[in-house]
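# Observations on chain architecture
Read off the chains here:
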Amino acid sequence: MGEGQLDAGSGDARSPDFRIGPIAPQDPPWDLLLDADPEREMVLDYWPRGRAYGMWQGSDLVAEAVFLPTRPLTWELANVAVKVEWRRQGLARELITRGLEDAERVGMRVVEVGTADASPGPLQLYLSMGFRIVGVDLDFFTRLYRDPVIDSGRRCRDMIRLARDLPAPRLPGV
Ligand SMILES: CC(C)(COP(=O)(O)OP(=O)(O)OC[C@H]1O[C@@H](n2cnc3c(N)ncnc32)[C@H](O)[C@@H]1OP(=O)(O)O)[C@@H](O)C(=O)NCCC(=O)NCCS
């Protein structure tokens, strides 16, 4: 490994060793997708309609984020996960930032995300990126998931809904 290259787990999301790009629809990274959303049927529902971003270090896919067009002018961050050994190094923030930039570029006005009531890490991540809590989808996980969803040793019950507004497109000459 030459100077300036990174060992797994010692990275920096802004390093030139990392590359962000689209993930091929026929190649869902199940290990990462199911880490964020444990029910395969749920993922299969949105994966074909989503816009999936991957982050590679060399040839290794180390993180993914899936954005989904939902309502008019709205994308939802439907899934985001980072390999365990690469966490807390800014990769999720970097990937989500790329999605937000693309959403703004194509004229979206809002990006939404939902997270479990038992998941303080993701909630902190979204709040730190300017998302605000806009509601709670009561009993989401107990109503819609076949098996109990456990996070940090606690059963997830409600989904906390967050949204971040994007700036209106600038009109030419204004
Ligand atoms: C949630 C997840 C995607 C975060 O990825 P990450 O690359 O580690 O996140 P980042 O390094 O970009 O974190 C950015 C900020 O988010 C917050 N954050 C992220 N993970 C956190 C955690 N476990 N606990 C508390 N805060 C956390 C922190 O404010 C962090 O900034 P800091 O490290 O400077 O304190 C990752 O932990 C993961 O893959 N978890 C399993 C899948 C999952 O739960 N997905 C979300 C479903 S809603």
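Remember, it's a predicted structure, so these values are computed and weren't measured experimentally. (Residues numbered from 1 in each chain as written. Predicted model: local features only at pLDDT ≥ 70, side-chain atom pairs only at ≥ 80, totals over all residues.)

## So, the nonpolar core
Quick reminder of the rule: To count as a nonpolar core, a set of buried Ala, Val, Leu, Ile, Met, Phe, Trp, Tyr and Cys residues must be joined through C-beta atoms within 7 Å. With C-beta atoms placed from the backbone, a residue is buried if 20 or more other C-beta atoms are within 10 Å of its own, exposed if 12 or fewer are, and partly exposed between those counts. In this description a helix means any DSSP run of H or I spanning at least four residues, a strand means any run of E spanning at least two, and both kinds are numbered starting from the N terminus. Throughout, a residue-residue contact means that the two C-beta atoms, derived from backbone geometry, are no farther apart than 7 Å.
Grouped together as the largest cluster of nonpolar side chains are 32 residues, with contacts concentrated most on Ala 63, Ala 65, Leu 77, Leu 91 and Leu 95. Only helix H1 (30–36), strand S2 (51–57), strand S3 (60–69), strand S4 (74–82), helix H3 (91–105) and strand S5 (110–116) provide two or more residues apiece to this core. Residue contacts for Leu 95: discarding those within four places in its chain leaves Ile 20, Tyr 53, Met 55, Ala 63, Ala 65 and Val 80. Counting five residues, the second-largest nonpolar core is a separate cluster that includes Ala 116, Phe 141, Val 149 and Cys 156.

## What to know about the site of the ligand
Operational definition: Near, for a residue, is defined by distance from a backbone-placed C-beta atom to a molecule or strand, with 6 Å as the limit that must not be exceeded. Residues are grouped as follows: Ala, Val, Leu, Ile, Met, Phe, Trp, Tyr, Cys and Pro are nonpolar; Asp, Glu, Lys and Arg are charged; all remaining types, including Gly, are polar.
If you check the shell around the ligand, you find 20 residues, and the closest are Arg 87, Ala 92, Arg 93, Gly 121 and Leu 125. Of all the secondary structure elements, the ones that give two or more residues to the shell around the ligand are H1, S4, H3 and helix H4 (120–128). With six residues, the single largest contributor to the shell around the ligand is H4. A breakdown of the residues in the shell around the ligand according to their chemical character gives nine nonpolar, seven polar and four charged.

## Description of the sheet that holds strand S1 (residues 18–22)
This is how it is decided: DSSP bridges decide pairing: two strands pair if at least two such bridges lie between them. Axes here mean lines fitted to C-alpha atoms, for a helix over just the part in contact, with angles spanning 0 to 180 degrees between N-to-C directions.
One open sheet holds the seven strands; their spatial order is S1-S2-S3-S4-S5-S9-S6, and the pairing between them is mixed. Two strands in the sheet have a free side with no partner beyond their single neighbour: S1 and strand S6 (132–137). Neighbour-to-neighbour, the strand axes of the sheet open up by a mean angle of 25°, direction not taken into account. For S5 and strand S9 (residues 159–165), the ladder comprises seven bridges, and the chain directions are antiparallel. By the bridge assignment, Val 111 is partnered in S9 with Arg 164. Here H3 sits on the sheet in contact with S1, S2, S3, S4 and S5, set at roughly 35° to S3. Against the sheet, H4 contacts S5 and S9, and its axis sits at roughly 160° relative to S5.

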